[in-house]
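# Topology and contacts: notes
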Amino acid sequence: MGSSCSNNLGIPPGNGPNAVGCTDFMMDHTAEGTFFRLYYPCQEMESAEKPDWVPCKEYFNGLADFMKMNRALSERIFNYLFGSFKIPAYLDAPFKSNEKCPVIIFSHGLGAFRTLYSAICAEMASQGFIVASVEHRDQSASATYYFCDKPESERSNASLTKSSGATQQNLVKEWMYYRALRHGESEFPLRNKQVKQRADECILALDKLTEINSGISVQNVLETQFDWSTLKNSMDLCRIAVMGHSFGGATVIEALCKEVKFKCGVALDSWMTPLDDEIFPRVKQPIFFINSEKFQWAGNISRMKKLDSAVIQRKMITIRGTVHQSFPDFTFLTGNWIGKLMKLKGEIDPELAIDLCNKATLAFLQRHLGLEKNFNQWDPLIDGEDENLIPGTNVNLLQSAI
Ligand SMILES: CCN(CC)CCN(C[C@]12C[C@](c3ccc(C(F)(F)F)cc3)(C1)C2)C(=O)Cn1c(SCc2ccc(F)cc2)nc(=O)c2c1C=CC2
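A short tour of the structure in this document, coming up. (Residues numbered from 1 in each chain as written. Predicted model: local features only at pLDDT ≥ 70, side-chain atom pairs only at ≥ 80, totals over all residues. Heavy atoms only, no water.)

Bringing the overall build of the protein into the picture now. The helix and strand tally for the protein stands at eleven helices and twelve strands. Over its C-alpha trace the protein gives a radius of gyration of 21 Å, about what one expects of a compact globule, namely 21 Å for 402 residues. In terms of overall dimensions, the protein has a C-alpha envelope of 70 × 50 × 50 Å along the principal axes. The 402 residues of the protein split such that 56% are buried. Across the protein, every contact between residues at least 6 apart in sequence was considered, and the portion connecting residues at least 24 apart equals 76%. Accessible surface for the protein amounts to roughly 17100 Å². Of this, 53% is attributable to carbon and sulfur atoms. Averaging the coordinates of the 42 positive side-chain charges in the protein and doing the same for the 47 negative ones gives two points 3 Å apart. (Helix = DSSP H or I, 4+ residues; strand = E, 2+ residues; numbered from the N terminus. Rg over C-alpha atoms; globule rule 2.2 N^0.38 Å. Buried < 20%, exposed > 50% of the residue type's maximum accessible area, 1.4 Å probe, protein only. Contact = heavy atoms within 4.5 Å. Areas by Shrake-Rupley, 256 points an atom, 1.4 Å probe, with all protein chains shown as cover. Lys, Arg positive; Asp, Glu negative; His and termini not counted. Charge placed at Lys NZ, Arg CZ, Asp CG, Glu CD.)

This brings us to the pattern of salt bridges. Applying the stated criterion across every chain yields a total of 21 salt bridges. The residue Asp277 makes a salt bridge to Lys306 at a minimum N-O spacing of 2.7 Å. Highlighted residues: Asp277 in the loop between strand S9 (264-268) and strand S10 (287-292) and Lys306 in the loop between helix H7 (298-305) and strand S11 (314-319), separated in sequence by 29 residues. The class for Asp277 is partly exposed, based on a relative accessible area of 36%. Where Glu278 meets Arg282, a salt bridge forms, and the shortest distance between an N and an O atom there is 2.7 Å. Put simply, Asp24, Arg37, Arg114 and Glu135 are held in one network by salt bridges that share partners. (Salt bridge = Lys/Arg side-chain N within 4 Å of Asp/Glu carboxyl O.)

Its place among the elements puts Asn61 in helix H1 (residues 57-66). By relative accessible area, which is 8% here, Asn61 ends up buried. Once residues lying within four places of it in the same chain are set aside, the contact partners of Asn61 are Arg71, Glu75 and Tyr177.

Helix-helix packing is described using two parameters, namely the angle between the two axes and the distance between the axes. Taken N-terminus to C-terminus, the directions of helix H3 (residues 118-126) and helix H9 (residues 350-369) make an angle of 45°; their axes are 11 Å apart at the nearest point. Judged by the inter-axis angle, H3 sits oblique to H9. Note on packing geometry: the crossing formed by H3 with H9 is right-handed. Here H3 contributes Ala119, Ile120, Glu123 and Met124 to the contact with H9, which in turn contributes Ile354, Asn358, Thr361, Leu362 and Leu365. (Axes fitted to C-alpha atoms, helices over the stretch in contact; angles between N-to-C directions. Parallel < 35°, antiparallel > 145°, perpendicular 65-115°, else oblique. Left-handed = near helix turned anticlockwise from the far one by under 90°.)

Inspection of the secondary structure assignment puts Phe247 in helix H6 (residues 247-258). C-alpha of Phe247 to C-alpha of Asn396: the two residues are 149 residues apart in sequence and 23 Å apart in space. With sequence-adjacent residues up to four places away left out, Phe247 is seen in contact with His108, Gly109, Leu110, Asp138, Ser140, Arg191, Gln194, Val195, Arg198, Trp271 and Pro274.

What follows is the structure, encoded as structure tokens:
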């Protein structure tokens, strides 16, 4: 089919039977607490607003740092290009599901942050999952924030704060920006330390969801309109998966190794550099590697293959015509030529690519979480049986042997 020249830009909504709600959670005001965006099945809402895709301009500043671009200039470019996009979900909508929901913890890539994978997270929520997309505080995110108590001297008096209705009384946002590798600094020590912190943050997010599911009242320092008590007994805590993109793919492996409550993992275009080889034999859960055609290289693939096992299902597919950025939301947000120029789009239609990725993921999750849905209709995709899929990898591994 011909590619339409004026594709309607925007993040595709989920295809599943559920409407999707979205809210934010920050456990405490420190950088050590967990911070995530929650996507969940919700009541159909006519008028609810949809949250901004990029919540604060500081994220664009962080993105500029990551891209080694000038902040002032790029903030205007990003605002112009991406400032008006909304997430395909209803902000703070009441949770609604007539069955317990399986859970996914999602880990973003280097230079990304919690909101950039909403096409994937919203699809999973529309299919009945509760998804926590964590925002890492390991300085791998373009930007993230926590709160610091203002010193006593600067505190505005309570009555004034109350009357002005300030949401975070006396709490000031403290921004943490992307930390680039310093000149001459070796990559592995930093990335290995970060992947361990990232795994711990995914496990902490799961612990918070477990508390929320038990119905005990948990503190959320972000005073949103969402009623967290509606999530009591909402989650099926025997059916938990961990998922991530690139650096988040390495985080999947590390998290599986550390926490057996994660029953399986889905690693999207995983970057294996941060991982110790010695953890590979310690990972006992099934893993699904879904790769782009352009990002992977022999050394990276051969490390994924070290996880091959005769007894634990380890699968790999490659989506034809995709690039590394085919997984985050940016791939939907620019026209074709600028998207290809900035390596945000590959040859394949972005919605077709994410559709294949999501369906293959759902089939894999049904198989390894023991879901009673109809996602097994997409089982052939797990083996790469589709004209737009390659079973395993397109990378020629023989070169790496020489
Ligand atoms: C510039 C020098 N270099 C710094 C290390 C960045 C080089 N780079 C390729 C880029 C990201 C690119 C990008 C983004 C976003 C726009 C925008 F214009 F749309 F905003 C454009 C162009 C620039 C494509 C990557 O790092 C790729 N990558 C990623 S990209 C994850 C991401 C980041 C920001 C996002 F907004 C969305 C997604 N996550 C990883 O875990 C890993 C890697 C590489 C190894 C491990």
